[in-house]
Amino acid sequence: MPRKFAFQDRISCDVLVAGAGGAGLRCVAEILEHKPETNILVVTKVSHPQKSHTGTAQGGLAAVDPNDPVDSPLYHMFDTWKGSDCTADQNVVKQIVASAWDEILWLERRGMFYTRNEEGKLAKRTFGGHTIRFGESSAFRAVFESDRTGKGILDTMWGEAVKQGVKFYNQHLLAELVFDKGICTGAVLFNQKEGRFLYVGAKATVLSTGGSGQVFRVTTNCRHNTGDGLGVVLQHGLPVMDPEAVQFHPTGIVGPGILASEALRGEGGILRNKDLEPYMERYAPKMKDLAPRDVVSRANEIEIREGRGILNPDHNIEHVWIDLRHLSDYVHDVKLREISTFFKKFVNIDPKTQLAPVRPSNHYHMGGIPTTLHGEVQDWALNTIPGLYAIGECACASFHGFNRLATNSILELITMGRIVGNKVLENLKEATRASEPSAEAGEHTFTKFSSYLSAKGSHNVDKLKSDMRNIMSDKVGVFRNEKDLSSALDTLQELQEAARTIHMECTSLIYNQELVQRWELDNLLSVSLVITKSALERRESRGAHTREDYPERDDAFNYHTLARISAPGAVELSKRSINMDIYESGGEYAEKFGFIARKY
Amino acid sequence: MGLVDITLNIRRYDPDNDRTWWQEYAVTVGEIMRFVDVLRTINTELDSSLAWNSSCEHGQCGTCSVLVNKSPVLGCELLVQRAIERFETTHFHVEPLSIAPVIRDLVIDIEQAYSRVHEAKPYLIKPAPLREDESYSTLFPRSQEAFFDATRCINCFCCAQACLSSHHSFIGPNGSMASVVRLMDPRETARDERLKLLYSDRGLYRCHTSRACSHVCPKEIDVAHFLALGKQGRFDQDKNSKKG
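All figures in this text were calculated on a predicted structure; none of them were measured in a lab.

### A look at the overall build of chain B
Within chain B, the regular secondary structure consists of 10 helices and 7 strands. Contacts in chain B between residues far apart in sequence, at least 24 positions, make up 66% of those at least 6 positions apart.

Take a look at the structure:
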């Protein structure tokens, strides 16, 4: 009988892609369109690529139409730079914005069902922070598929993958990366369904593992967004960039925290407090309800804190209202159909006639695995690691800096997916893979998994996870301060200790949900630690990172944070400079790309 | 907050010993909690070994489908309060769907079910060429409206579960609908290839027109309507593309 904790399978491929959401699948499509004979293996933790979290994106996809008479890529670049609170990398912003429209067309030609206007052309809507002429007025820049744009992208992408005959390994975890003299030569996978460990030798490994929203109690993120890609790189002593840059969506539906898109406000929805005052006029006199997310989240949180919120009796949670009653039936029934039904389904409210309860909910991780312009993963010294790439929410190039604009995330997924696909192809010729695992490969994973199953104690994995999420939401949320962050750091270290004594009810390796959650908890705790430590050391407010004790942005912090775990529970910090290519080019309007004040 | 005592009788399966049994869990939960929240409560308070599947948990991915008192539902959309009203009881039987083999407890091998959707080619096989002055296809809202609802399908397989036909011989309501959508999409030119499958012995004639698919669809898509259009060959493609 084979040993349980050993490789039961050894596979070789050209490219291993971990994560089958928009970014991973766009990368795969690009590689196969140029070189159909490439041997690609796509691994996903979910049960089918269609179950990936990309599918839940609602509002739209920002891209400047070259035929638009008033909009310009330069305005989109400016909005992204300003929105990032001057912390995005300008070379990345330029690269993504410049090729955005090509991606829209690419998806359309592969069958995406974009919403059209009466002339049969792509319809566009406006979103927070997107403007023309450097903030003069709102830009109609986002194409969309009703209020399920992410689903449109994901369905198109997995359809393409099926068309190209891509091999999927569903319900597999990427537990460990394998290196040979500093080159990534493969990975260790765990097949959940059969309880088997696999070694995969790959010339290129692409991490597209998605977000980490499960770190927080109230989140729009799916159950599987447990920061696994970040957990794995941290486990290898590699850094995560800007982990403290976490976005809170202003309008999560009270209760489960489900996303109620900006599209509600884009279509004319108005935020109101308990006195029904349209309070955004006070916080952002010009952009009002269409100000960027961090601004609106803070406004919502302040209204609640200062006693102008409303208490929901069922959830015992305070919230504000979003007023959609004045919107036409057409808007409710066609343009906002899914979101309208969410209010009916989850809070039993008819938004046509009743005010709808919303509050800030964790939404997006701007930070992630540091990469170059082309998605190549960087180490602590900022050298690229041959054979290793990262894209999508788990990566940080950085396009979003410290605050992401609405509709910029799915744009980044597909654009960076294509760019990394090309980079992988370019590097594939000289790349190497190890078809047999080295002696050390897998040892870390085998030790970890066997210790999970044999641990003695009384802790419950769900309970510890929920303790961690409460701490993170209460102390590392929309508003942060020195005292709360320090105390959160202590608690997280205690939780890491407690996790060693989690008792497993089920000790099988076959579809053991508890075992997978135990592994996820380690990832979540690592990610929580680097978020909290980085937030503590960034003694300023920047984008979505708001310190009550340091309310202003401070030029001394004009850099990206690099954080790594140097010893169990110990976080070490370093810096990466912000790319200022557009500013330094000295071209027309270059002055707009300096460290400008951020007012809306 | 209204608390309520409910009992879940869950069908379990242990793959290590190939053993199936029913296990009862009594829990006190909030009335507006969803079934996925109830399962999580069981994991936290009573039995951490109970396996169940979910992903987005707001009705957009179709991972958490289960049978509650024999009805296929999304666990994330069924509020305890509504379940009590609908089934007129506080005692619920929860089982995995039967459209694919069970892996453990409430988790089924959804990949096997998806193979029937893949068979239906859920993509544009051969897009129509663009006119010289176009960079993308011009499509009119009124032609898209005819099939837009079908594009909302999340492949939760509730319809396949409710279907009277066997999933062994039929590509299923959702599989069929995936192909009908592309037949109605003016951009698709590979019509013959699609019709060949749709009118094959694994295709639409397996449908007994019970309309159970429409009845159970969590997205409230009239699946049977699209199957009926397929049976009649009424894809209206020519009319649509010439409109406007």
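### Examining the overall build of chain A
Each helix and strand in chain A was counted, giving 17 helices and 21 strands. Evaluated residue by residue, chain A yields a buried proportion of 61% over its 600 residues.

### Section: the nonpolar core
The biggest cluster of nonpolar side chains holds 149 residues, and the ones touching the most others in it are Val-28 and Val-206 of chain A. Take this core: its biggest share by element is 12 residues, from helix α16 (residues 513-537) of chain A. Among the nonpolar cores identified, the runner-up in size contains 71 residues, and Leu-8, Leu-50, Val-181 and Cys-217 of chain B belong to it.

### Focus: the packing of helix α6 (residues 228-235) of chain A against α16 of chain A
How two helices pack is summed up by the angle between their axes together with the distance between the axes. Residues and elements named next belong to chain A. Axis separation between α6 and α16 bottoms out at 8 Å; the angle between their running directions is 75°. Put simply, α6 runs roughly perpendicular to α16. For the pair α6 and α16, contact is made by Asp-228, Leu-230, Gly-231 and Leu-234 and by Glu-520, Asp-522, Asn-523, Ser-526, Val-527 and Val-530, respectively. Residues of the contact of α6 with α16, tallied by class, amount to 4 nonpolar, 3 polar and 3 charged.

### Remarks on the sheet that holds strand β5 (residues 91-95) of chain B
Picture the strands of a sheet paired through backbone hydrogen bonds; they go either parallel or antiparallel. Residues and elements named next belong to chain B. Pairing in this open sheet of 5 strands is mixed, and the strands run β2-β1-β5-β3-β4 from one edge to the other. Single-partner strands in this sheet number two, and they are β2 (19-30) and β4 (71-74). Across the sheet, the mean angle separating the axes of adjacent strands is 35° when strand polarity is ignored. In the sheet, strand β1 (residues 3-14) pairs with β2 via 12 bridges, with the strands oriented antiparallel. Looking at the pairing, Asp-5 lines up with Thr-28 of β2. Strands in contact with helix α1 (residues 35-46) are β1, β2 and β3 (65-68); relative to β2, the strand with the most contacts, it is inclined by about 100°.

### Notes on the domain arrangement of chain A
Residue and element names in this part refer to chain A. Domain boundaries assigned for chain A yield domain 1 (247-363) and domain 2 (443-576). Summarising the inter-unit geometry, the C-alpha centres of domain 1 and domain 2 are found 30 Å apart. The interface of domain 1 with domain 2 comprises 7 residues on the first partner and 6 residues on the second. Of all the elements, helix α9 (residues 293-308) adds the most residues to the side of domain 1 that touches domain 2, at 4 residues. Of the residues contributing to the side of domain 1 that touches domain 2, the split by class is 2 nonpolar, 2 polar and 3 charged.

### Brief notes about the interface of chain A and chain B
With 47 residues of chain A at the interface, the matching set in chain B holds 47 residues. Elements represented by at least two residues in the side of chain A that touches chain B include exactly α4 (100-109), α5 (149-163), α11 (337-347), α14 (461-475) and α16 of chain A. Of the residues forming the side of chain A that touches chain B, the biggest block, 5 residues, is contributed by α5 of chain A.

### As for the packing of helix α6 (residues 172-184) of chain B against helix α7 (residues 191-198) of chain B
Residue and element names in this part refer to chain B. With their axes 10 Å apart at the nearest point, α6 and α7 run at an angle of 155° to one another. With respect to α7, the axis of α6 lies roughly antiparallel. α7 is crossed by α6, and the crossing has left-handed handedness. Contacts between α6 and α7 involve Ser-176, Ser-179, Arg-182 and Leu-183 from the former and Arg-191, Arg-194, Leu-197 and Leu-198 from the latter.

### Looking at the pairing of strand β15 (residues 356-365) of chain A
Residue and element names in this part refer to chain A. Where burial is concerned, most of β15 is hidden: 10 out of the 10 residues are buried. Bridge count between strand β14 (residues 317-323) and β15: 3 bridges; the pairing is antiparallel. Across the sheet, Trp-321 pairs through a bridge with Pro-357, a residue of β15.

### Describing the sheet that holds strand β3 (residues 61-62) of chain A
Residues and elements named next belong to chain A. Sheet architecture is open: 3 strands sit in the order β3-β5-β4, paired in antiparallel fashion. Both outer strands of the open sheet, β3 and β4 (124-132), are each paired with one neighbouring strand and no more. Where β4 and strand β5 (residues 137-143) come together, 5 bridges link them in antiparallel fashion. Across the sheet, residue Thr-126 finds its bridge partner in β5, namely Phe-140.

### Considering the pairing of strand β7 (residues 172-180) of chain A
Residues and elements named next belong to chain A. Here β7 lies mainly inside the structure; 7 of its 9 residues are buried. In this structure, β7 lies alongside strand β8 (residues 183-191), joined through 8 bridges in antiparallel fashion. Bridge pairing in β8 places Glu-176 opposite Val-188. What sits between β7 and β8 in their antiparallel hairpin is a turn of 2 residues, with Lys-181 showing a positive phi close to 50°.

### Notes on the domain arrangement of chain B
Residues and elements named next belong to chain B. Here chain B is described as being made up of domain 1 (3-108) and domain 2 (110-242). Each of domain 1 and domain 2 was reduced to a C-alpha centroid, and the two centroids are 30 Å apart. Split into classes, the residues belonging to the side of domain 1 that touches domain 2 amount to 9 nonpolar, 6 polar and 1 charged.

### Thoughts on the confidence of the model for chain B
Summary statistics for chain B give a mean pLDDT of 93 and a share of 96% for residues scoring 70 or more. Scored by ipTM, the complex comes to 0.95, with pTM at 0.95.

### Observations regarding the environment of His-459 of chain A
Residues and elements named next belong to chain A. Along the chain, His-459 turns up in the loop between α13 (443-454) and α14. His-459 sits 199 residues away from Ala-260 along the chain, and the two C-alpha atoms are 35 Å apart. Residues contacting His-459, with those up to four places away along its chain left out, are Leu-464, Ala-498, Thr-501, Ile-502 and His-503.

### So, the environment of Val-216 of chain B
All names here are of chain B. Here Val-216 lies in helix α8 (residues 212-216). Residue classification places Val-216 among the buried positions, given that 20 C-beta atoms sit within 10 Å. Put simply, Val-216 and His-91 are 125 residues apart on the chain and 21 Å apart in space, counted from C-alpha to C-alpha. Apart from residues no more than four positions distant in its own chain, Val-216 is found in contact with Ser-71, Pro-72, Cys-158, Cys-159 and Ala-162.

### Points about the environment of Asp-222 of chain B
All names here are of chain B. By secondary structure assignment, the location of Asp-222 is in the loop between α8 and α9 (223-232). Between the C-alpha atoms of Asp-222 and Ser-165, which are 57 residues apart in sequence, the distance is 18 Å. Contact partners of Asp-222, with chain neighbours within four places excluded, come to Asp-149 and Ser-214.

### Details of α4 of chain A
Because an α-helix packs 3.6 residues into every turn, residues spaced three or four apart end up facing the same way. For α4 of chain A, the full list of buried residues reads Ala-100, Glu-103, Ile-104, Trp-106, Leu-107 and Glu-108 of chain A. Note on α4 of chain A: the residue one or two positions beyond its end, Gly-111 of chain A, has a positive phi of about 105°.

### Points about unusual backbone geometry
Look at the link from Ala-397 of chain A to Ser-398 of chain A: it is a cis peptide, with omega at 15°. Even without glycine at this site, Tyr-511 of chain A takes up a positive phi of about 35°. Among the structural elements, Tyr-511 of chain A can be located in the loop between α15 (482-499) and α16. Residues other than glycine seldom take positive phi values, yet Glu-88 of chain B does so here, at roughly 50°.

### Description of α6 of chain B
The end-to-end C-alpha distance of α6 of chain B is 18 Å, a good match for the 18 Å that 13 residues give at a rise of 1.5 Å each. Across the 13 residues of α6 of chain B, 13 count as buried, placing the element largely inside the fold.

Cut-offs and rules
Every residue gets a number counted from 1 within its own chain, in the order that chain's sequence is written. The naming scheme follows written order: chains are lettered A onward, ligands numbered 1 onward. Local features in a predicted model are, by the rule used here, given only for residues with pLDDT of at least 70; side-chain atom pairs are given and counted only at 80 or more, and totals for whole chains, interfaces and linings are based on all residues. Helix and strand definitions follow DSSP, with helices as H or I runs of at least four residues and strands as E runs of at least two, each counted in order from the N terminus. Contact definition: two residues whose C-beta atoms, as placed from backbone geometry, lie within 7 Å. Between the buried cut of 20 or more and the exposed cut of 12 or fewer other C-beta atoms within 10 Å of a residue's own C-beta lies the partly exposed class, and all C-beta atoms are placed from the backbone. A set of buried residues drawn from Ala, Val, Leu, Ile, Met, Phe, Trp, Tyr and Cys, joined through C-beta atoms within 7 Å, is what defines a nonpolar core. Axis geometry follows a simple rule: fit a line to the C-alpha atoms, using only the stretch in contact for helices, then measure angles between N-to-C directions, giving values from 0 to 180 degrees. Reported orientations rely on four angle classes, namely roughly parallel under 35 degrees, roughly antiparallel over 145, roughly perpendicular from 65 to 115, and oblique for the rest. Gly falls in the polar group here, along with every residue not listed as nonpolar (Ala, Val, Leu, Ile, Met, Phe, Trp, Tyr, Cys, Pro) or charged (Asp, Glu, Lys, Arg). The rule for pairing is simple: two strands pair if DSSP sees at least two bridges between them. Boundaries between domains were set according to an automatic or database domain assignment. Each helix crossing is assigned a hand: it is left-handed if the near helix lies turned anticlockwise from the far helix by less than a right angle, otherwise right-handed if that turn is clockwise. You can read pLDDT as the predictor saying how much it trusts each residue, on a scale of 0 to 100. What a helix is expected to span follows from its residue count: subtract one and scale by 1.5 Å.

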